[in-house]
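Chain residues, written in single-letter form:
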Amino acid sequence: MAYETIIVETRGKVGLITLNRPQALNALNSALLNEVNQALDAFEADPQIGCIVITGSEKAFAAGADIKEMASLTYPQIYLDNQFSGWERVAGRRKPMIAAVAGFALGGGCEFAMMCDFIIAADNAKFGQPEIKLGVMPGMGGTQRLTRLIGKAKAMEMCLTGRMMGAEEAERSGLVARVVPLADLIPETMRTAQTIASMSLPIAMMTKETINRADEVSLSEGIRFERRVFHAMFATADQKEGMAAFVEKRAAEFKDQ
Ligand code: CO8
């Protein structure tokens with residue numbers, strides 16, 4: 001499949017998508033959104049893929065939704081086309097997804113990174129929701145996901161002033177899982193992704209689904225959901241294999257069953 005706005009590779013059991021619109025700092029236009037969804041469809045359908053990594057360039061993960069594409073849209077157009085609804089498909093993916101962020105992750109770029117299960121950031125990463133400077137606000141989940149990740153005070157400050165947050169502050173605030181030197185970003189993220197992909201795929205997917213329930217339900221409902229899924233895991237061959245391997249002091253060989 002030939003893509004124009006992204007580069008798609010498979011490395012072992014990891015699917016890697018590199019955003020590739022360098023002339024626009026990887027601004028997210030409709031073509032890129034469609035291609036990202038096509039690549040994700042293919043990775044989700046491929047039983048060999050256990051984890052997906054999304055990255056950009058050293059200068060920009062993505063500098064936001066494409067302002068030039070959006071600027072002249074009218075309200076009826078944007079409403080009737082349900083513009084950007086394809087991002088809900090990106091956010092709803094079931095396989096584990098890591099964002100490897102270097103450089104700018106602004107506006108929709110920051111929101112795209114937050115749609116992934118976690119972010120590993122290079123030390124030059126800069127996160128921000130500067131939409132207010134354009135006369136709008138985040139529209140791809142930023143007001144909600146950023147608030148859940150870093151809390152109301154910081155989310156308000158970021159969205160109301162448009163200021164950028166560096167990698168160190170982003171880690172301290174809970175926006176990113178880990179900061180690594182720029183040169184290590186891809187090797188380190190791929191190592192992490194390979195580790196995830198070496199686990200049982202259904203167990204990893206159930207774990208992702210269960211953690212994501214925490215954003216949607218009360219603590220007691222979340223714990224109830226966790227208990228049900230935990231019990232269900234005992235119906236998998238991989239639970240038998242994982243525990244047998246521990247007892248027999250050998251490495252587990254998961255069959256994704
Ligand atoms: N859209 C389109 N083009 C862009 C974007 C963008 N978001 N960001 C950068 N570019 C383009 C520039 O126009 C420029 O193109 P050209 O060379 O043709 O003039 C090229 O990329 C390089 O950019 P700069 O020359 O500006 O590079 P600098 O290094 O000087 O500055 C910055 C880098 C600080 C990142 C700067 O480019 C910038 O501020 N970009 C815009 C950041 C921004 O405001 N992002 C938010 C966009 S709005 C958004 O994401 C809303 C999401 C919600 C939509 C969902 C609705 C339902």
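Above this text sits the structure in question.
Given the structure is predicted, the values throughout are model-derived calculations rather than measurements.

Trainee: Got a minute to help me understand helix α6 (residues 142–150) in this structure?
Mentor: Residue pairs spaced three or four apart in an α-helix point in one direction, given the helix's 3.6 residues per turn. Those residues of α6 not exposed but buried are Gly-142, Leu-146 and Ile-150. Within α6, the buried residues cover an arc of 20° as seen down the axis, which keeps them to one side. Tucked inside the fold, the buried residues of α6 contact α5 (108–115), α7 (152–161), β9 (165–166) and α8 (167–173).

Trainee: Explain the packing of aromatic side chains here, please?
Mentor: Describing an aromatic ring pair means giving the distance of the ring centres and the angle of the ring planes. Applying the stated criterion across every chain yields a total of four aromatic pairs. Both rings, one in Tyr-75 and one in Tyr-79, keep their centres 5.9 Å apart while their planes meet at 40°; by these two values the pair is tilted. Of this pair, Tyr-75 and Tyr-79 are both found in helix α3 (residues 75–80), four residues apart, which corresponds to roughly one turn of the helix. A relative accessible area of 62% places Tyr-75 in the exposed class. By relative accessible area, Tyr-79 is classed as exposed at 56%. Among the aromatic residues, those joined into a cluster by ring pairs are Phe-61, Trp-87 and Phe-112.

Trainee: Is there a simple way to think about a nonpolar patch on the surface in this case?
Mentor: Together, Tyr-75, Ile-78, Tyr-79 and Leu-80 make up an exposed nonpolar region whose accessible area comes to about 500 Å². Relative to the helices and strands, Leu-80 resides in helix α3. Classification of Leu-80 as exposed rests on a relative accessible area of 67%.

Trainee: How should I be thinking about the packing of α5 against α6 in this particular structure?
Mentor: When two helices pack together, their arrangement is given by the angle between the helix axes and by the axis-to-axis distance. Close contact between α5 and α6 brings their axes to 10 Å; oriented N to C, the two are set at 60°. One element, α5, and the other, α6, form an angle in the oblique class. In this structure, the crossing between α5 and α6 has a hand that is left-handed. Here α5 contributes Glu-111, Met-114 and Met-115 to the contact with α6, which in turn contributes Gly-142, Arg-145, Leu-146 and Leu-149. Considered class by class, the residues forming the contact of α5 with α6 number four nonpolar, one polar and two charged.

Trainee: Any chance you could explain the pairing of strand β5 (residues 97–101) here in plain terms?
Mentor: Every other side chain in a regular strand lies on the same face of the sheet, so the side chains alternate between the two faces. Along β5, five of the five residues are buried, which leaves the element largely enclosed by surrounding structure. The two faces of β5 match: Met-97, Ala-99 and Val-101 on one face and Ile-98 and Ala-100 on the other face are all buried. Bridge count for β5 against strand β7 (residues 118–122) is four bridges, and the pairing is parallel. Pairing of Ala-99 across the sheet is with Ile-119, part of β7.

Trainee: Where do I start with the pairing of strand β3 (residues 51–55) in this structure?
Mentor: Where burial is concerned, most of β3 is hidden: five out of the five residues are buried. Residues of β3 alternate between two faces, with Cys-51, Val-53 and Thr-55 on one and Ile-52 and Ile-54 on the opposite face, all of them buried. Here strand β2 (residues 14–19) pairs with β3 via five bridges, running parallel. In the strand pairing of β3, Gly-15 is matched with Ile-52. Looking at chain direction, β3 and β5 are connected through four bridges and run parallel. The residue bridging Ile-54 from the neighbouring strand is Ala-99, located in β5.

What counts and what doesn't
- Residues numbered from 1 in each chain as written.
- Predicted model: local features only at pLDDT ≥ 70, side-chain atom pairs only at ≥ 80, totals over all residues.
- Heavy atoms only, no water.
- Buried < 20%, exposed > 50% of the residue type's maximum accessible area, 1.4 Å probe, protein only.
- Helix = DSSP H or I, 4+ residues; strand = E, 2+ residues; numbered from the N terminus.
- Arc of directions from axis to C-beta.
- Contact = heavy atoms within 4.5 Å.
- Phe/Tyr/Trp six-rings, centres within 6.5 Å; stacked < 30°, edge-to-face > 60°.
- Patch = residues over 30% accessible without salt bridge, like charges linked within 9 Å, V, L, I, M, F, W, Y side chains within 5 Å.
- Areas by Shrake-Rupley, 256 points an atom, 1.4 Å probe, with all protein chains shown as cover.
- Salt bridge = Lys/Arg side-chain N within 4 Å of Asp/Glu carboxyl O.
- Axes fitted to C-alpha atoms, helices over the stretch in contact; angles between N-to-C directions.
- Parallel < 35°, antiparallel > 145°, perpendicular 65-115°, else oblique.
- Left-handed = near helix turned anticlockwise from the far one by under 90°.
- Nonpolar A, V, L, I, M, F, W, Y, C, P; charged D, E, K, R; others polar.
- Pairing = 2+ DSSP bridges.

The values reported here are purely geometric and, on their own, carry no functional implication.
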